[in-house]
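Working through the structure, step by step
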Amino acid sequence: MITRLYLPMTLVLAAAFTVVAVAVLGHTDFAHRPDPTLSGVDLWTVLLAGTPLIASGRLSYATSADFSRYLPRSSSRRAIIGRLASTPSPPTAPDSPCRSA
């Protein structure tokens, strides 16, 4: 059932992304130049807010069903977390059609 919804959901999300991208690009000021280097409280604010924001996306994003149910019960939690934290993209099952060569 869920896999039958992949194509319609992909099309809906692609259309929504396109609408948002066009709206954002229409309001973009390409001549804007940010202030010089951050320092002090501003730097720490950006670091303390940005790090969890970036980590939350990586830790919560999934491209498909939850494959962790197929892991042996003896799998180390530390090893699983380490694997997820060290991969540049969301891991896929070895036989997944989404797996890159």
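Residues numbered from 1 in each chain as written. Predicted model: local features only at pLDDT ≥ 70, side-chain atom pairs only at ≥ 80, totals over all residues. Heavy atoms only, no water.

Let's talk about the overall build of the protein chain
The test is simple: Secondary structure follows DSSP: runs of H or I at least 4 residues long count as helices, runs of E at least 2 residues long count as strands, and numbering of each begins at the N terminus. Buried means the residue's accessible area, taken with a 1.4 Å probe over protein chains only, is under 20% of the maximum for its type, while exposed means over 50%, and partly exposed covers the values in between.
A tally of regular secondary structure across the protein chain gives three helices and zero strands. Along the chain direction, N to C, the helices and strands of the protein chain fall in the order α-α-α. Sorting the 101 residues of the protein chain into buried and exposed places 4% on the buried side.

Focus on helix α3 (residues 77–86)
Going by this rule: Under this definition, polar contacts are N or O atom pairs within 3.5 Å; protein pairs additionally need one hydrogen-donor-capable and one acceptor-capable atom, and for neighbouring residues in sequence, both atoms have to be side-chain atoms.
Counting buried residues in α3 gives zero out of ten residues, a small share hidden from the surface. The opening residue of α3 is Ser 76, an N-cap whose side-chain oxygen sits 3.3 Å from the backbone nitrogen of Arg 78.

Some remarks on a nonpolar patch on the surface
Heads up, the rule is: Candidates for patches are residues over 30% relative accessible area with no salt bridge; among them, like charges are joined within 9 Å and nonpolar side chains (Val, Leu, Ile, Met, Phe, Trp, Tyr) within 5 Å. Only the protein chains shown count as covering a residue, and every accessible area follows the Shrake-Rupley method with a 1.4 Å probe. In the sections that follow, a salt bridge refers to a side-chain nitrogen of Lys or Arg positioned within 4 Å of a carboxyl oxygen of Asp or Glu.
A cluster of nonpolar side chains, contributed by Leu 38, Leu 43, Trp 44, Val 46, Leu 47 and Leu 48, occupies part of the molecular surface with about 590 Å² of accessible area. Its location among the elements puts Leu 47 in helix α2 (residues 40–60). With a relative accessible area of 39%, Leu 47 lands in the partly exposed category.

Section: the confidence of the model for the protein chain
For any part of a model where pLDDT is low, the fine detail of the predicted coordinates should not be relied upon. Convention followed: Summary of the metric used: pLDDT quantifies the predictor's per-residue confidence within the range 0 to 100.
The pLDDT averaged across the protein chain works out to 80; a share of 74% of its residues lies at or above 70. α3 is the least confidently modelled element of the protein chain, averaging 82 in pLDDT, while helix α1 (residues 6–26) averages 95, the highest of any element.

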